[in-house]
Amino acid sequence: MKTVITYGSFDLFHQGHYNILKRAKALGDYLIVGVTTDYYDTVRGKLNVVESLMDRIEHVRETGFADKIIIEDHVGQKLEDIQKYHVDIFAIGSDWIGKFDYIKEFCEVVYLERTKGISSTMLRMKNYELIRLGIMGSGRIANRFVGEARYVSGIHVEGVYNPHLKSATAFAEKHELDFAEDDIDEFFSRINAVYIASPHATHGDYAKKALEAGKHVLCEKPFVLTKKEAEELYGIAKKSGLVLMEAIKTAYAPGFVRLMGVAKSGLIGQIKDVESCFTRLTESGLRELTDEKFGGSFTEFGSYVLLPIIKLFGTDPNENRF
Ligand code: CTP
């Protein structure tokens, strides 16, 4: 008996999914289909999977091709499954050519021709609005952000704003963005959300202008430098039904989220004290170390240190006394 295995998210089940399951089944006698969990998709940057795991499994089951359906929830699981189920053939679509050659050590790897003209991404774009993102500021962090954003589905970085057009143009060219702008109104007219990665002193002003133009805002830390400004901006966002977030990525990093969950579960007892610090290997002369005007490391990194404390104890310092 020949056992075949294949994997996918199978979101918004379509003809391409049907075809690949049919072809995979035809390669052997027994087909195992691995369906990704929502968590695993999130971790690998597929942030906009629409259907629940149970629905996606149900659609695979309905085809009648799968003899066994398993769920895939972590990197490295494929090799575990292949050994556990004594798999003879690993099959996957041709969009993955070469990516799974490392599996050849364990079983045969077959790349099946992908069905043209259809994908879950296409269907999502038809039914759900794509986030057309504009970048404000074109410095160090913005450069890293654009590269990473390419791994996230449902979002497209359209263009960049910088009052110095030369910098904006150089950034747009480097990252192959559609446009560079020094006119803020023109910039807002071409996007529906902004990522603010400009110098600290401009955050508040840019965020306010973006919100007033009806754009969702993701703003680098420190979001603003006074509580009053923060309250005002969150007020505008709430009234207008817009998302306003400070970009503390650690709060969403799977490892950190898991850590907080474990700590809160009581597994290590009642938490009475959190000692939190931020360390980083760096060269001297960095803005974070020298910027006296805007608080330097204190405002730039302070949020990382406060994050676990606030997550575990809340925001009222008088509330938790043991
Ligand atoms: N697949 C295919 N033909 C398509 C779309 C997908 O053969 N037109 C295959 C993929 O190569 C993969 C399996 O179906 O082996 C599951 O793919 P999945 O990533 O769930 O579907 P996509 O439509 O590619 O999803 P997305 O657009 O989110 O990447």
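Throughout what follows, the structure given in this document is the object of discussion. Quick caveat: nothing in here was measured; it's all calculated off a predicted structure.

What counts and how
Residues numbered from 1 in each chain as written. Predicted model: local features only at pLDDT ≥ 70, side-chain atom pairs only at ≥ 80, totals over all residues. Heavy atoms only, no water. Pairing = 2+ DSSP bridges. Helix = DSSP H or I, 4+ residues; strand = E, 2+ residues; numbered from the N terminus. Axes fitted to C-alpha atoms, helices over the stretch in contact; angles between N-to-C directions. Contact = heavy atoms within 4.5 Å. Near = heavy atom within 4 Å. Polar contact = N/O pair within 3.5 Å; in protein donor to acceptor, adjacent residues only side chain to side chain. Areas by Shrake-Rupley, 256 points an atom, 1.4 Å probe, with all protein chains shown as cover. Buried < 20%, exposed > 50% of the residue type's maximum accessible area, 1.4 Å probe, protein only. Right-handed = clockwise from strand over helix to strand, strands pointing away.

### Here we look at the sheet that holds strand β9 (residues 193-196)
Strands sit in the order β8-β7-β6-β9-β10-β11 across an open sheet of 6 strands; the sheet is parallel. Edge positions in the open sheet fall to β8 (179-181) and β11 (244-246), since each of these has one partner strand only. Along the sheet, successive strands turn relative to each other by an average axial angle of 25°, direction set aside. Together, β6 (131-136), β7 (155-161), β9 and β10 (216-219) form the strand contacts of helix α6 (residues 140-149), whose direction differs from that of β6 by roughly 160°. Contacts between helix α7 (residues 165-174) and the sheet are confined to β7 and β8, with β8 contributing the most and set at about 165° to the helix.

### A short note on the site of the ligand
What surrounds the ligand is a group of 19 residues, the closest being Asp95, Thr115, Ile118, Ser120 and Thr121. Between an oxygen atom of the ligand and a side-chain N or O atom of His17, the distance comes to 2.9 Å. Here an oxygen atom of the ligand sits 3.1 Å away from a polar atom, N or O, in the side chain of Arg114. Protein chains shield 93% of the accessible area of the ligand, which is 560 Å² for the free molecule. When residues of the shell around the ligand are traced back to their parent elements, those giving at least two are β1 (3-8), α1 (15-26), β4 (89-93) and α5 (120-127).

### As for the pairing of β10
Only one face of β10 is covered, namely the one carrying Val217 and Cys219; the face carrying His216 and Leu218 has none of its residues buried. Where β9 and β10 come together, 4 bridges link them in parallel fashion. Among the inter-strand pairings, Ile196 is bridged to a residue of β10, identified as Cys219. Read as a crossover between parallel neighbours, the route from β9 over helix α9 (residues 203-212) to β10 is right-handed. Pairing between β10 and β11: 3 bridges, direction parallel. Considered in β11, the bridge of Val217 is made with Leu244. Note that the unit made of β10, helix α10 (residues 227-240) and β11 has a crossover that is right-handed.

Function cannot be inferred from these measures alone, as they are strictly geometric.
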